[in-house]
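# Coordinate inspection notes
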There are 2 protein chains.
Amino acid sequence: MPNSQREAPIQLNHIALVVEDLQGALAFWRDGLGLTVEGEIQSVPEEAVAIVKIAVGDSHIELISPSTAGSGVAKYLAKRGPGLHHICLEVADLNAKLRQLQALGCELINETPRERAGWRYAFIHPKSSGGCLLELYERL
Amino acid sequence: MPNSQREAPIQLNHIALVVEDLQGALAFWRDGLGLTVEGEIQSVPEEAVAIVKIAVGDSHIELISPSTAGSGVAKYLAKRGPGLHHICLEVADLNAKLRQLQALGCELINETPRERAGWRYAFIHPKSSGGCLLELYERL
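Here goes a summary of the coordinates provided.

Here is what the cut-offs are and how they apply
Every chain's residues receive numbers from 1 upward, in the order its sequence appears when written. Chains carry letters from A onward and ligands carry numbers from 1 onward, assigned in written order. Where local features are concerned, this predicted model is filtered to residues with pLDDT of at least 70; where side-chain atom pairs are given and counted, the filter is 80 or more; whole-chain, interface and lining totals use all residues. Think of the side-chain values as coming from all heavy atoms in the structure, minus any hydrogens and water. Here the rule is simple: two strands pair whenever DSSP picks up at least two bridges between them. Put simply, DSSP marks the helices as runs of H or I at least four residues long and the strands as runs of E at least two long, and each gets a number from the N terminus on. Between the N-to-C directions of two axes lies an angle of 0 to 180 degrees, each axis being a line fitted to C-alpha atoms and, for a helix, fitted only over the stretch in contact. Contact criterion: two residues are considered in contact whenever any of their non-hydrogen atoms come within 4.5 Å of each other. Joining through side-chain atoms within 4.5 Å is the link that ties buried Ala, Val, Leu, Ile, Met, Phe, Trp, Tyr and Cys residues into a set, and such a set is a nonpolar core. For the exposure calls, accessible area comes from a 1.4 Å probe over protein chains only, and a residue counts as buried if that area is under 20% of its type's maximum, exposed if over 50%, partly exposed in between. Crossing handedness follows the turn of the near helix against the far one: under a right angle anticlockwise gives a left-handed crossing, and clockwise gives a right-handed one. For this classification, Asp, Glu, Lys and Arg are treated as charged, while Ala, Val, Leu, Ile, Met, Phe, Trp, Tyr, Cys and Pro are nonpolar and the rest, including Gly, are polar.

### Focus on the sheet that holds strand 7 (residues 119-124) of chain B
Residues and elements named next belong to chain B.
- With mixed pairing, the eight strands of this open sheet are ordered in space as 2-3-4-1-5-8-7-6. This sheet does not close on itself; its edge strands, each paired only once, are strand 2 (36-44) and strand 6 (114-116). Between one strand and the next, the sheet's axes are offset by a mean angle of 25°, whatever the strand orientation.
- In the sheet, strand 1 (residues 11-18) pairs with strand 5 (residues 83-90) via seven bridges, with the strands oriented antiparallel. Each bridged residue has a counterpart across the sheet, and for Q11 the counterpart in strand 5 is E90.
- Sheet strands touched by helix 2 (residues 72-80): strand 1, strand 3 (49-56), strand 4 (59-66) and strand 5. Its angle to strand 4, the strand with the most contacts, is close to 90°.

What follows is the structure, encoded as structure tokens:
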């Protein structure tokens, strides 16, 4: 592509860590390491989780804990235990990246990006990345 | 502490992903996403692994695969499957951080940092961080 259309570099947006005890984990990252909490604990009712963001450089660690026993994250915790859940990369053109990955035979969890106010995102299956659930994220 | 001694902010150094197929994973991150590989694939005989670094912003994703069947990483793969293994944060004063974490009752895998040429590091047990194996790293 011409230089004028060269895309912005990919950035790490966040690393998601599924935890059982949000306050306990928060104490480690904030009080133990001295990192800064971004905002308050957020409740995300549509995913039945509570989330808190810990700033690290230009990206953040997202601590996620289930708010109901039947949620997807609660099932993940029951099956896998707490741990690193996914990483999220910010890209300039999500649709182009998804087409490029499909051309290589990668398995997309969301072939069509999901949208929220101000951004869209899609997940890539761990079997394509080498084992890591990957979220690609584009600011609109 | 006085402002003149205020410590440098903690930075994300890398995210480590244990993979079975290094070339396949490399194809995903390099060819599929368009990320830049830093240097060559490195063999680390003392840990019986091969490592390749993928640059993302100011940090990197480290793809790690076992080079012998009996290595620690091979055992991890056999037990847990491929996936996110640990994250590494760069700190200004590793010993001070370790003392601070111990004062909070955290479990350190390395109570005394290990040293290599130019840097030292210590691992913190996942049970203290909320579920994530954490490496703390200090440049010397």
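### Notes on the nonpolar core
- By size, the foremost hydrophobic cluster in this structure holds 64 residues, and its most contacted members are W29 and L63 of chain A together with W29 and L63 of chain B.
- In this structure, L63 of chain A is in contact with L17, V19, L22, A25, L26, W29, A50, I51, V52 and I54 of chain A, ignoring residues within four places of it in sequence.

### Section: the packing of helix 3 (residues 94-103) of chain A against helix 1 (residues 22-32) of chain B
- Running from amino to carboxyl end, helix 3 of chain A crosses helix 1 of chain B at an angle of 140°, the nearest separation of the two axes being 10 Å. Both helix 3 of chain A and helix 1 of chain B take part in a crossing whose hand is right-handed. Across the interface between the two elements, K97, Q100 and L101 of chain A from helix 3 of chain A touch F28, D31 and G32 of chain B from helix 1 of chain B.
- Classifying every residue of the contact of helix 3 of chain A with helix 1 of chain B gives two nonpolar, two polar and two charged.

### A word on the pairing of strand 8 (residues 134-139) of chain A
All names here are of chain A.
- Taking burial as the measure, the six residues of strand 8 include five buried ones, the bulk of the element.
- With six bridges connecting them, strand 7 (residues 119-124) and strand 8 associate as antiparallel partners. Paired with A122 across the two strands is L136, which belongs to strand 8.

Purely spatial values, then, with no claim about function.
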